[in-house]
Amino acid sequence: MLPALHAFQPHLLSLLRIVASLVLFSYGTQKVLHFPAVEAVPAVGSLPWIAGLLELTLGFLVLIGFKTRIAAFVLSGLMAFAYFLRHAPQSFYPAQNGGAAAILFCFIFLFLVGAGGGPLSIDALAKRKQDIAA
């Protein structure tokens with residue numbers, strides 16, 4: 001059974017990248033594009049708005065798998081920064097301070113720094129074209 005599951009590993013990596021970045025991207029759309037509508041939105045130029053801009057732009061890059069490692073590195077740092085700046089001062093425990101998502105995003109994107117975007121990405125497509133041309 002395990003050898004059969006190993007065959008799916010590259011595609012599951014791409015699925016993890018797509019789902020994680022899509023969720024993060026949705027936080028960016030809320031903060032910057034005000035969609036889906038929320039009652040309170042950050043002021044333009046504020047720290048939460050800048051974080052939303054990074055979530056929106058870099059989240060999209062990771063979503064499509066373009067320059068995945070670089071974008072994921074910045075997003076991993078952003079999520080660590082968000083956790084320690086916003087959540088950790090409230091409580092030590094993530095279940096109490098609301099920072100569980102930030103921690104998970106941080107380590108998922110850190111994993112993507114090392115693993116790359118997987119076979120269903122623009123990075124992989126560009127590498128295949130480069131290998132064919134060489």
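What you are looking at is a predicted structure, and each value in this text was computed from that prediction instead of being measured.

**With respect to the confidence of the model for the protein chain**
Chain-level statistics for the protein chain give a pLDDT mean of 95 and a share of 99% at 70 or above. Confidence scores differ between elements of the protein chain, with helix 1 (residues 2-6) showing the lowest mean pLDDT of 84 and helix 6 (residues 100-115) the highest of 98.

**Notes on the side chain of S121**
One can find S121 in the loop between helix 6 and helix 7 (122-133). Polar side-chain contacts of S121 include one of 3.1 Å to the backbone nitrogen of A124. Beyond its immediate stretch of four places on either side in the chain, S121 contacts R17, I64 and G65.

**Thoughts on the UniProt feature "transmembrane region" (unreviewed entry) in the protein chain**
Mapped onto this structure's residue numbering, the UniProt feature "transmembrane region" (unreviewed entry) falls at residues 12-28, 40-63, 70-88 and 100-122. Spanning residues 70-88, this segment combines 95% helix with 0% strand, and its end C-alpha atoms are found 26 Å apart. For residues 100-122, the end-to-end C-alpha separation is 30 Å, with 74% helix and 0% strand making up the annotated structure.

**Focus on the packing of aromatic side chains**
What the rule picks out here adds up to five aromatic pairs. When the centroid spacing of 6.2 Å and the interplanar angle of 90° are considered together, the rings of Y27 and F105 count as edge-to-face. Residue Y27 is located in helix 2 (residues 9-33), and its partner F105 is located in helix 6; the two are separated by 78 residues in the primary sequence. With centroids separated by 5.3 Å and ring planes inclined at 85°, the aromatic side chains of Y83 and F84 adopt a geometry described as edge-to-face. Residue F84 is classed as exposed on the basis of its relative accessible area, which comes to 59%.

About the thresholds
- Residues numbered from 1 in each chain as written.
- Predicted model: local features only at pLDDT ≥ 70, side-chain atom pairs only at ≥ 80, totals over all residues.
- Heavy atoms only, no water.
- pLDDT = per-residue confidence, 0-100.
- Helix = DSSP H or I, 4+ residues; strand = E, 2+ residues; numbered from the N terminus.
- Polar contact = N/O pair within 3.5 Å; in protein donor to acceptor, adjacent residues only side chain to side chain.
- Contact = heavy atoms within 4.5 Å.
- UniProt positions renumbered as here; feature names shortened; annotations may be inferred.
- Phe/Tyr/Trp six-rings, centres within 6.5 Å; stacked < 30°, edge-to-face > 60°.
- Buried < 20%, exposed > 50% of the residue type's maximum accessible area, 1.4 Å probe, protein only.

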